[in-house]
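# Results of the structural survey
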Amino acid sequence: MSVYLDHAATTPLDPSVLDAMWPYLQREYGNPSSLHAAGRHAREAVEEAREQVADALGVSPLEVLFTSGGTEADNLAVKGIAWGARDRGAGNHVVTTAIEHHAVIEAVEWLGAHQGFDVTVVPSEADGVVDAERLLAAVTDQTVLVSMMTANNELGTVQPVEVVGPALADRGVAFHTDAVQAFGRAPLRVREWGIDALALSAHKFNGPKGVGVLVLARDVPCEQVLHGGGQERGVRSGTLNTAGIVGCGAAAALSVKTQDDEIPRLDALGQRLRQGLLAVDGVWVNGSLTRRLPHNVHVGVPGCDGEALLLALDVAGVAASTGSACQSGAAEPSHVLQAIGAPTDTAAHLRFTCGRGTDEDDVDTAIHAFTEAVARLRTAGGGFV
Ligand code: PLP
């Protein structure tokens, strides 16, 4: 029996989402930009999905742009808003944090290295949460954009977006947040928190891969990154992925419909898992216990190598992650573990993330497999290479 506890990497497509997508993979193949009936049918489906996403976030459908995923939404927000501001002569400084997903941090660093922007990367505190005051202190009169994620993809730590956003709104600085991990698992108040741009990825909430969302406030100028046919308010060109977009809308609606039950359920599973893993000698939790996503348990395991432990769990039928799966295969400790000063030479660091299909039996199976694998590895010297 296999147990999948890697929902931060990706989630299974919900059957109801697949049902919604089917017609647009076959029968309804029109291009949503075409004026004939086939095109209009596809366009109606896209606009319905746009409304579903807008309703889920409490924004206007006019602010919802579909992209090819979270990576593209982040790149478009970071580069597009920075370029848009510079074109207006508004300033030249971008602020982000040390624990952002690569889609943000590398986009910001590229602006610094190749586009002449000044860049400030604000460190994380040891608990995986960025200090709001420290971040706001980095903002100058030249700052045109701050990008801080809503929740971290490795540690599951929830960032102080509710403090930073309103403070930036007061100072007229554009604020982007990568909410790819937070959506459906934590509150998101786009308006109240002064968020100008927000990225989502459908495959993180039981939708299809290869489709994402950039919520972009209408008064924030954003240069296009992909030039072409001028779709999506002229900000994101490219023929719309109708089936993917329909799936994204259906998955967003499903998240909203179920989250009042699902969040406490995930929280209980997360607590059960945490307690079980902590019962193993020396194991600790990485990241804040109070500001974290309910489904994420991230542990440090002294005396074990991360990859060896991950593979031992895999053999036992349990899927976890050594950090950022978007980066998996990388032998280097992740930039997030480095940012919180985790001891990566002497301990394994494993992320377990529960999801819609996870139940208590899965959690108990994972605890059992973890306990056995750690004991076996430690007896054999930890599996360090
Ligand atoms: N941002 C965060 C926080 C993520 O966790 C991920 C994916 O792991 C992405 C962005 C990238 O999203 P996508 O896989 O849709 O490109």
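Basis of the calculations
- Residues numbered from 1 in each chain as written.
- Predicted model: local features only at pLDDT ≥ 70, side-chain atom pairs only at ≥ 80, totals over all residues.
- Heavy atoms only, no water.
- Helix = DSSP H or I, 4+ residues; strand = E, 2+ residues; numbered from the N terminus.
- Rg over C-alpha atoms; globule rule 2.2 N^0.38 Å.
- Buried < 20%, exposed > 50% of the residue type's maximum accessible area, 1.4 Å probe, protein only.
- Contact = heavy atoms within 4.5 Å.
- Phe/Tyr/Trp six-rings, centres within 6.5 Å; stacked < 30°, edge-to-face > 60°.
- Pairing = 2+ DSSP bridges.
- Axes fitted to C-alpha atoms, helices over the stretch in contact; angles between N-to-C directions.
- Expected span 1.5 Å × (residues − 1).
- Right-handed = clockwise from strand over helix to strand, strands pointing away.
- Parallel < 35°, antiparallel > 145°, perpendicular 65-115°, else oblique.
- Left-handed = near helix turned anticlockwise from the far one by under 90°.
- Nonpolar A, V, L, I, M, F, W, Y, C, P; charged D, E, K, R; others polar.
- Core = buried A, V, L, I, M, F, W, Y, C linked by side-chain atoms within 4.5 Å.

## Here we look at the overall build of the chain
The number of helices and strands found in the chain is ten helices and twelve strands. Relative to the compact-globule value of 21 Å for 385 residues, the chain shows a C-alpha radius of gyration of 21 Å, a close match. Overall, the chain is about 65 × 50 × 35 Å in size when its C-alpha atoms are taken along their principal axes. Within the chain, the proportion of its 385 residues that are buried is 57%. Sequence-distant contacts in the chain: of pairs separated by 6 or more residues, those separated by 24 or more amount to 74%.

## A short note on the packing of aromatic side chains
Enumeration according to the criterion identifies three aromatic pairs in this entry. An angle of 65° between the planes, with centres 4.6 Å apart, marks the rings of F183 and F205 as edge-to-face. With F183 in the loop between β6 (174–178) and β7 (197–201) and F205 in the loop between β7 and β8 (212–216), this residue pair connects regions lying 22 residues apart in the sequence. When the centroid spacing of 6.1 Å and the interplanar angle of 80° are considered together, the rings of F352 and F370 count as edge-to-face. Of the two residues, F352 sits in strand β12 (residues 347–353) while F370 sits in helix α10 (residues 360–379), which places them 18 residues apart along the sequence.

## Looking at the sheet that holds β8
Strand order in the open sheet formed by seven strands is β2-β8-β7-β6-β5-β3-β4, and the pairing between neighbours is mixed. For this open sheet the edge positions go to β2 (64–67) and β4 (118–122), each flanked by a neighbour on one side alone. Strand after strand, the sheet turns through a mean of 20° between neighbouring axes, direction not considered. In this sheet, β7 lies alongside β6 in parallel orientation, the contact comprising three bridges. Paired with D178 across the bridge in β7 is A199. Those strands touched by helix α2 (residues 37–57) are β2, β7 and β8, and its axis lies near 115° from that of β2. Running over the sheet, helix α6 (residues 161–171) touches β5 (143–147) and β6 and is turned about 160° from β6.

## Looking at the sheet that holds β12
Spatial strand order, β9-β10-β12: three strands in an open sheet with antiparallel pairing. One side of each edge strand has no neighbouring strand; the edge strands of this open sheet are β9 (284–285) and β12. Pairing of strand β10 (residues 296–302) with β12 involves seven bridges; the strand directions are antiparallel. Note that in β12 the partner of V299 across the bridge is L350. Contacts between helix α7 (residues 242–278) and the sheet are confined to β9, β10 and β12, with β10 contributing the most and set at about 5° to the helix. Its contacts with the sheet place helix α8 (residues 306–315) against β10 and β12, and it is angled at close to 45° to β12.

## Description of helix α4 (residues 102–114)
In a regular helix each residue adds 1.5 Å, so 13 residues correspond to 18 Å; α4 covers 17 Å between its end C-alpha atoms and thus fits that length. Within the sequence span of α4, burial applies to H102, A103, V104, I105, A107, V108 and L111. Of the surrounding secondary structure, the elements contacted by the buried residues of α4 are α3 (70–87), β3 (93–97), β4, β5, β6 and α9 (335–339). Of the residues flanking the end of α4, it is G116, one or two places downstream, whose phi is positive at about 75°.

## Regarding the pairing of β3
Most of β3 sits inside the fold, with five of its five residues counted as buried. By the alternation rule, side chains of β3 split into H93, V95 and T97 and V94 and T96, which are all buried. One ladder, built from five bridges, connects β3 with β4; its direction is parallel. Each bridged residue has a counterpart across the sheet, and for T96 the counterpart in β4 is V121. Each parallel crossover has a hand, and for β3 linked through α4 to β4 it is right-handed. Relative to β5, β3 runs parallel, the two sharing four bridges.

## Focus: the packing of helix α1 (residues 15–25) against α7
The N-to-C vectors of α1 and α7 enclose an angle of 160°; their axes lie 8 Å apart at closest approach. The orientation of α1 with respect to α7, classified from their angle, is roughly antiparallel. The interaxial crossing formed by α1 with α7 has right-handed handedness. When α1 is examined against α7, the residues S16, V17, A20, M21, Y24 and L25 are found in contact with a partner set consisting of T242, A243, G244, V246, G247, A250, A251 and L254. Residues belonging to the contact of α1 with α7 are distributed by class as follows: ten nonpolar, four polar and no charged.

## Brief notes about the nonpolar core
In terms of nonpolar packing, the biggest core is built from 52 residues, with V53, L57, F66, L135, L198 and L200 touching the most fellow members. Counting residues per element, this core draws most heavily on α7, which supplies six residues. When residues no more than four places from it in sequence are discounted, the contact partners of L135 are V95, T97, V122, V130, V146, M148 and V164. Among the nonpolar cores identified, the runner-up in size contains 30 residues, and L269, V299, A308 and L350 belong to it.

These values are about where atoms sit, not about what they do.
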